[in-house]
2 protein chains.
Amino acid sequence: MDALKPYLEKNKQRFLDELFELLRIPSVSADEKYAADVKKAAEFVKVELLRAGADKAELCQTKGFPIVYGEKILDPKLPTVLVYGHYDVQPADPLELWNSPPFEPVVKDGNIYARGACDDKGQMYMHVKAFEMMMKNDALPCNVKFIIEGEEEVGSVNLEAFAIENAAKLKSDVVLISDTSMIANDVPSITTGLRGLTYLEVEVTGANRDLHSGVYGGAVANPINILCDMISSLHDKDRKVNIPGFYDDVQEVSKQERDQMAQAPFSLDEYKKHLDIDEVIGEKGYSTLERVSIRPTLDVNGIWGGYIGQGAKTVLPSKAFAKISMRLVPNQSSEKIMKLFEAHFKKIAPAGVKVKVMPHHGGEAAVTPTDSIAYKAAARAMETTFGKTPIPLRTGGSIPIVTMFEKVLGIKSVLFGFGLDSDAIHSPNEKYGLFNYYKGIETLPYFYQYFTEMSK
Amino acid sequence: MDALKPYLEKNKQRFLDELFELLRIPSVSADEKYAADVKKAAEFVKVELLRAGADKAELCQTKGFPIVYGEKILDPKLPTVLVYGHYDVQPADPLELWNSPPFEPVVKDGNIYARGACDDKGQMYMHVKAFEMMMKNDALPCNVKFIIEGEEEVGSVNLEAFAIENAAKLKSDVVLISDTSMIANDVPSITTGLRGLTYLEVEVTGANRDLHSGVYGGAVANPINILCDMISSLHDKDRKVNIPGFYDDVQEVSKQERDQMAQAPFSLDEYKKHLDIDEVIGEKGYSTLERVSIRPTLDVNGIWGGYIGQGAKTVLPSKAFAKISMRLVPNQSSEKIMKLFEAHFKKIAPAGVKVKVMPHHGGEAAVTPTDSIAYKAAARAMETTFGKTPIPLRTGGSIPIVTMFEKVLGIKSVLFGFGLDSDAIHSPNEKYGLFNYYKGIETLPYFYQYFTEMSK
């Protein structure tokens, strides 16, 4: 392991240049106009795995975008780490809010700015480079497999079928994922819980065509007003989600665990200042950290209807739309919540409108163990490079594939992320710290070492 | 007058061709990318007024788009009719819902389909052609002035200043406007009341940037959810507008007038069938016709925020927006209502968000007299050409300039429209019947004749 640090120092610029090349490919999986770019990113990852030292790397076709599979098998008797990541990115809009173009990466104040810098190209590529370091220095202590997909941002729709078909090929001892964040660069943490997700779109239709609001206004249902009424009714005055049965399966967290959570370093004043808000808003009876981790939520992610151009148009539109997602906690079923939502939303639609609910995708919440070898190896790796024991932390995001891997392959995951909440993933000016990129590359080989040692 | 009918028959095709030429100009005043086209439409109207026989026609510059002024003065002692119309049109979007391109007029099933076919190019151009008929056949019985503006669809923002500056030039006995509709082609009516308008835009800001809904969802105000809450609260359960003071100045309509309104031919079943809705929605205690004429309303005309592209994005946006308009009835002040709205909307904003209210434009409601010479002349003209006495009708739209002309010039208007509510003005597939276009051209000269005779 001693040879690795000088190797990293020597290759820092190249490691960054290669990541920049990947970041320049606008692999937006949600928008079909980028389909060719998504495939280009897949090809890039495949080639880089081979160059880093994989025995084989291939594009596995799916009904959607290809899954990149790569492997280096030293000895079947050794432990095997399965690295999961994704090469697709979120859409970049609103483009006008970016300080530099989203697909022209730049370094500013120690950060890489680009769509995908953190989520997940930067974090995924750390694994490719850590693998290269170990290979070029004869330091890989175990087997490694890579499964890098191109549809994470659209719900990993073809991953489960792939995992089922290729269960034997994917057989491993742990899934290693860097697609989450730490508390701070000097407060390392490991994610031990993730929320599930139910994502859907609703359509409210009033009259069969857009109408003049002067001629019809006041007498015909305005689908925007009705949609607002319906959305508003989805929370009660305590900002609890107001859908019958929504909380039925929620696993309440013990007082002990809540007390432990309350010990995490967190300043509400700093949080509010950072976001430039005068007050936080959330479910009554829970703290901010609890609201984003152990409680389910409902948010509108997009809304549109009527005239949204410049100036004024006195239209009473025929239709209004919203994209709505719910974050779920362990024991809630995304499919059941989808059904509850659909039944409730249709029930509350007043006469005069028609309502459609279109499911997008979903995934289950997950809690990862802290007493596993893999968790302990990850914690020790961080201790080695950060000089501090990482804090186990349940967070608010969703990586549905964690539950899927456990169900289909019977393998637990370690959520070994090096990003920060302030990295603005899914937002304009997404960034990833140079510190974080290089620290990740430095830390990962220690995980392989400790995990192999502890598995003996 | 006898020579006019054969002249109309002979020139029908040319009258249509000329209107088509005007309809091909995309004179959308709300969108600055059409600025050159708006000016082109003004020039077209000026040239056509001169060709029809005006002594003079000119483009009067304003701070916005030019006002076309034209006149034919036979004798200062004769009565003078001031024709008002507008050459600008509403935006054409959503474009994908048009069956034929909005600025490529076509005739189908006896209707002209194009943006502006009815509102107001078709109706305005009837006046130019009626004037031509009278001029070419020595049948103009009085003086006529034309004031055709290019900013009606953006609130006639420069018209009042122009009217004040040019009060002497515009001096007339009646303002004649064709920018409204009739009940049906076999049920002629004349509009005697119009609603006022207050139009504004609101912006709700949560955090200072778009956030990941997994990381922040549930703890930070989502401006879309909050905007929905706020909009929803603007109506109470009886669908009355829930803004303190909103109804304070509303002139209640007498039982007698309401009884008279109830006599107008109207089938709720037909209405619902035509719009493909299973129920009407509106203020409790009022009929559909009352809701769209004698009662003030509030409608969201546009809403947007977050991710509205294809697929899914789990964003918690920084901002959400809506365009909101209120239709007002006589005695309500659009300025006062704007202030009431702004104060109320800011007051109901919860902590955690910032709210902006941006006024667009407004105008006052108007009721026009039915006992004036002008109204009687219009009614008699319709009797002559339709064979039926027109029904006086208060309608829901807004033509704020009616009140403005009365205030600034001291002249009352006659709202002599030939369109139909089903003409889909402000909507995709706007149309205007060939019957209506030609019937208007045929009817207008009788108005001049009767108005001149009755003014003696």
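Predicted model, so just to flag it, every value in this text is computed and none were measured. (Residues numbered from 1 in each chain as written. Chains lettered and ligands numbered in written order. Predicted model: local features only at pLDDT ≥ 70, side-chain atom pairs only at ≥ 80, totals over all residues.)

**Observations concerning the overall build of chain A**
Now for step 1: A tally of regular secondary structure across chain A gives 14 helices and 20 strands.
Now for step 2: What you see for chain A is a C-alpha radius of gyration of 23 Å, in line with the 23 Å of a compact globule of 456 residues.
Now for step 3: Taking the principal axes of its C-alpha atoms as reference, chain A extends roughly 80 × 50 × 45 Å.
Now for step 4: A buried classification covers 55% of the 456 residues belonging to chain A.
Now for step 5: Put simply, 79% of the contacts in chain A that link residues at least 6 apart link residues at least 24 apart. (Helix = DSSP H or I, 4+ residues; strand = E, 2+ residues; numbered from the N terminus. Rg over C-alpha atoms; globule rule 2.2 N^0.38 Å. Buried ≥ 20, exposed ≤ 12 C-beta atoms within 10 Å, placed from the backbone. Contact = placed C-beta atoms within 7 Å.)

**What to know about the pairing of strand S12 (residues 297-306) of chain A**
Now for step 1: With ten of its ten residues buried, S12 of chain A lies for the most part within the structure.
Now for step 2: Examined bridge by bridge, S12 of chain A and strand S14 (residues 319-328) of chain A share eight bridges and lie antiparallel to one another. In the sheet register, Leu298 of chain A faces S14 of chain A, and the bridge partner there is Met326 of chain A.
Now for step 3: The pairing of S12 of chain A with strand S12 (residues 297-306) of chain B spans five bridges and is antiparallel. Considered in S12 of chain B, the bridge of Ile303 of chain A is made with Gly305 of chain B. (Pairing = 2+ DSSP bridges.)

**A short note on the relation of the copies chain B and chain A**
Now for step 1: The two copies are related by a screw motion: chain B maps onto chain A through a turn of 180 degrees and a shift of 0.0 Å along the axis, at an RMSD of 0.1 Å. Those values place the two copies in the arrangement expected of a two-fold rotation axis.
Now for step 2: Of the residues that chain B buries at the interface, 100% are likewise interface residues in chain A, meaning the two copies contact each other through the same surface. (Least-squares fit on C-alpha atoms with pLDDT ≥ 70 in both.)

**Notes on the interface of chain B and chain A**
Now for step 1: At the junction of the two partners, chain B supplies 83 residues and chain A supplies 85 residues.
Now for step 2: Every element with two or more residues in the side of chain B that touches chain A is listed here: strand S11 (211-212), helix H6 (213-216), helix H7 (223-232), helix H10 (288-291), S12, strand S13 (315-316), strand S14 (319-328) and strand S15 (354-363) of chain B.
Now for step 3: A total of nine residues in the side of chain B that touches chain A trace back to one element, the largest contributor, which is S12 of chain B.
Now for step 4: Residue composition of the side of chain B that touches chain A, by class: 33 nonpolar, 33 polar and 17 charged. (Nonpolar A, V, L, I, M, F, W, Y, C, P; charged D, E, K, R; others polar.)

**Brief notes about the pairing of strand S1 (residues 56-60) of chain B**
Residue and element names in this part refer to chain B.
Now for step 1: In this structure, S1 lies alongside strand S2 (residues 67-72), joined through five bridges in antiparallel fashion. Note that in S2 the partner of Cys60 across the bridge is Ile67.
Now for step 2: A loop of six residues connects S1 with S2, the two strands running antiparallel in sequence.

**Description of helix H11 (residues 334-348) of chain B**
All names here are of chain B.
Now for step 1: For H11, which comprises 15 residues, the first-to-last C-alpha distance of 21 Å matches the rise-based estimate of 21 Å (1.5 Å per residue) to within 8%.
Now for step 2: Where H11 is concerned, the buried positions are Ser334, Ile337, Leu340, Phe341 and Phe345. Looking down the long axis of H11, one finds its buried residues gathered within 120 degrees of arc, a one-sided arrangement. Opposite the buried face of H11, by more than 90 degrees, sit the exposed residues Glu335 and Lys347.
Now for step 3: Against strand S10 (196-205), H7, S14 and S15 lie the buried residues of H11. (Expected span 1.5 Å × (residues − 1). Arc of directions from axis to C-beta.)

**Brief notes about the confidence of the model for chain A**
Now for step 1: Of the residues in chain A, 100% have a pLDDT of 70 or more, and the chain-wide mean is 94.
Now for step 2: Confidence metrics for the complex model read pTM 0.77 and ipTM 0.76. (pLDDT = per-residue confidence, 0-100.)

**Quick look at the sheet that holds strand S4 (residues 106-108) of chain A**
Residues and elements named next belong to chain A.
Now for step 1: With antiparallel pairing, three strands are arranged side by side in an open sheet as S4-S5-S20. Of all strands in the sheet, those bounded by a partner on one side alone are S4 and strand S20 (431-433). Across the sheet, the axes of successive neighbouring strands diverge by a mean angle of 30 degrees, strand direction being ignored.
Now for step 2: By the bridge criterion, three bridges tie strand S5 (residues 111-113) to S20 in an arrangement that is antiparallel. Looking at the pairing, Asn111 lines up with Gly433 of S20.
Now for step 3: On the sheet, helix H14 (residues 434-455) packs against S4, S5 and S20 and is oriented at approximately 60 degrees with respect to S20. (Axes fitted to C-alpha atoms, helices over the stretch in contact; angles between N-to-C directions.)

**Overview of the domain arrangement of chain A**
Residues and elements named next belong to chain A.
Now for step 1: Partitioning chain A into domains gives domain 1 (4-194 + 366-455) and domain 2 (196-250 + 296-363).
Now for step 2: Once you take the C-alpha centre of each, domain 1 and domain 2 turn out to be 35 Å apart.
Now for step 3: Residue-level contacts link eight residues of domain 1 with seven residues of domain 2.
Now for step 4: Residue composition of the side of domain 1 that touches domain 2, grouped by class: four nonpolar, four polar and no charged. (Domains from an automatic or database assignment.)

**Notes on the sheet that holds strand S5 (residues 111-113) of chain B**
Residue and element names in this part refer to chain B.
Now for step 1: Pairing is antiparallel in the open sheet, where three strands are placed in the order S4-S5-S20. Every interior strand has two partners, whereas the edge strands, strand S4 (106-108) and strand S20 (431-433), have only one. For this sheet, the mean inter-axis angle between neighbouring strands, taken without regard to orientation, is 30 degrees.
Now for step 2: Pairing analysis gives three bridges linking S4 to S5, with the strands arranged antiparallel.

**Points about the environment of Ala365 of chain B**
All names here are of chain B.
Now for step 1: In this structure, Ala365 sits in the loop between S15 and strand S16 (366-367).
Now for step 2: Between the C-alpha atom of Ala365 and that of Arg195, which follows or precedes it by 170 residues, the distance is 4.3 Å.
Now for step 3: Apart from residues lying up to four places away in sequence, Ala365 is in contact with Leu194, Arg195, Gly196, Leu328, Val329, Pro330 and Gln332.

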